[in-house]
Amino acid sequence: MEIILFEPDIPQNTGNIIRLCKATKCSLTLITPLGFSLSEKKLRRAGLDYFLGVEVKTVPSLKEYLINDPRPKYFLSSKAKKQLYDTPIKEDAILIFGSETKGLPAYAWEKWEEDFYTLPIHKDARCLNLANSVSITVYEAMRQQNFASIV
């Protein structure tokens, strides 16, 4: 599976997601601009030595990156109506998450609205932490696939 973070702002979240990628054999794509430098100490501290062996790439445009990609796309947003747990997640999934402060861009909603999902949270909560949301989503996908990618 591939995880995409759209313009992430918080280095610690991205570092934790890199650790998750190492543990789950996922690749990570970061859509620029980033709210931090990839050499930033906070990012490196959160990611520890997990950077080794994790495919991390940066690309400048989410739209251009996804437009001709035939793989199934799952956009995660607290504003989506469909719950992630109600849909099967394919093995070659692309899991796309918005920035911590801005979410996902309007053009993604316009082009791929039917591919937007949410994680259930209490009505008084605004949203979950990005690293937590990615972890929950990746492990739900892997659970559906009997953890085949890591066993």
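Presented here is an overview of the structure given in this document. (Residues numbered from 1 in each chain as written. Predicted model: local features only at pLDDT ≥ 70, side-chain atom pairs only at ≥ 80, totals over all residues. Heavy atoms only, no water.)

### Things to note about the overall build of the chain
Convention followed: Comment: elements are numbered from the N terminus, with helices defined as DSSP H or I runs of at least four residues and strands as E runs of at least two. When we talk radius of gyration, it's over C-alpha atoms, and the globule rule is simply 2.2 Å times the number of residues to the 0.38. The cut-offs for exposure are 20% and 50% of the maximum accessible area for each residue type, with area from a 1.4 Å probe on protein chains only; residues under the lower value are buried, those over the upper are exposed, and the others partly exposed. Two residues qualify as a contact provided that any one of their heavy atoms is within 4.5 Å of a heavy atom in the partner residue. Counted as positive: Lys and Arg. Counted as negative: Asp and Glu, with His and the chain ends omitted from the count. Taken as the charge location is NZ of Lys, CZ of Arg, CG of Asp or CD of Glu.
Helix and strand counts for the chain come out as five helices and six strands. Along the chain direction, N to C, the helices and strands of the chain fall in the order β-α-β-α-β-α-β-β-α-β-α. Against the globule reference of 15 Å for 151 residues, the chain gives a C-alpha radius of gyration of 14 Å, in line with a compact fold. Projected onto the principal axes, the alpha-carbon positions of the chain cover approximately 35 × 35 × 35 Å. For the chain, the residues scored as buried account for 46% of the 151 residues in total. For the chain, the share of sequence-separated contacts (at least 6 apart) that also reach a separation of at least 24 residues comes to 75%. A distance of 5 Å separates the average location of the 20 positive side-chain charges in the chain from that of its 18 negative side-chain charges.

### So, the sheet that holds strand β2 (residues 27-31)
The following threshold applies: For two strands to pair, DSSP has to find at least two bridges joining them. Axis definition: a line fitted to C-alpha atoms, over the contacting stretch in the case of helices. Angles run 0 to 180 degrees between N-to-C directions.
Strands sit in the order β3-β2-β1-β5-β4-β6 across an open sheet of six strands; the sheet is parallel. Edge positions in the sheet fall to β3 (56-59) and β6 (116-117), since each of these pairs with one other strand and no more. Against the sheet, helix α1 (residues 11-24) engages β1 (2-6), β2 and β3, with an angle of about 155 degrees to β2. Each of β1, β4 (73-76) and β5 (94-97) touches helix α5 (residues 130-144); the most contacted strand, β5, lies at about 160 degrees to it.

### Notes on the pairing of β5
With burial as the criterion, each face of β5 is covered, one bearing Ile 94 and Ile 96 and the other bearing Leu 95 and Phe 97. Sheet topology places β4 next to β5; four bridges connect them, and they run parallel. Looking at the pairing, Tyr 74 lines up with Leu 95 of β5.

### As for the nonpolar core
Rules: Only buried residues count toward a nonpolar core. Its members are Ala, Val, Leu, Ile, Met, Phe, Trp, Tyr and Cys residues joined through side-chain atoms within 4.5 Å.
The biggest cluster of nonpolar side chains holds 27 residues, and the ones touching the most others in it are Ile 3, Leu 5, Ile 17, Val 134 and Val 138. Breaking this core down by element, the ones donating at least two residues are β1, α1, β2, β4, β5 and α5. Ranked by the residues each element gives to this core, the list is headed by α5, at six residues. In this view, Val 134 contacts Ile 3, Leu 5, Ile 17, Leu 20 and Phe 97; residues no more than four positions away in its chain are not counted. Core analysis: the second largest hydrophobic core is formed by 14 residues, Phe 6, Leu 66, Phe 75 and Ala 80 among them.

### Focus: α5
This is how it is decided: Here the expected length of a helix is defined as 1.5 Å per residue gap, with one fewer gap than residues. Polar contact criterion, stated in full: a pair of N or O atoms within 3.5 Å, where within protein one must be able to donate a hydrogen and the other to accept it, and residues adjacent in sequence count only if both atoms are side-chain atoms.
Here α5 is 15 residues long and its end C-alpha atoms lie 21 Å apart, about the 21 Å a rise of 1.5 Å per residue gives. Of all the residues in α5, the buried ones are Leu 130, Ala 131, Ser 133, Val 134, Thr 137, Val 138, Glu 140, Ala 141 and Met 142. Summarising the contacts, the buried residues of α5 are in contact with β1, α1, β4 and β5. Two to three positions downstream of the cap, the backbone nitrogen of Ala 131 sits 2.8 Å from a side-chain oxygen, assigning the N-cap of α5 to Asn 129. Once α5 ends, the next one or two residues include Asn 146, with phi positive near 55 degrees.

### Points about the pairing of β4
Every second residue of β4 is oriented toward a common face, with Lys 73 and Phe 75 on one face and Tyr 74 and Leu 76 on the other, all of them buried. Relative to β6, β4 runs parallel, the two sharing two bridges. The residue bridging Phe 75 from the neighbouring strand is Phe 116, located in β6.

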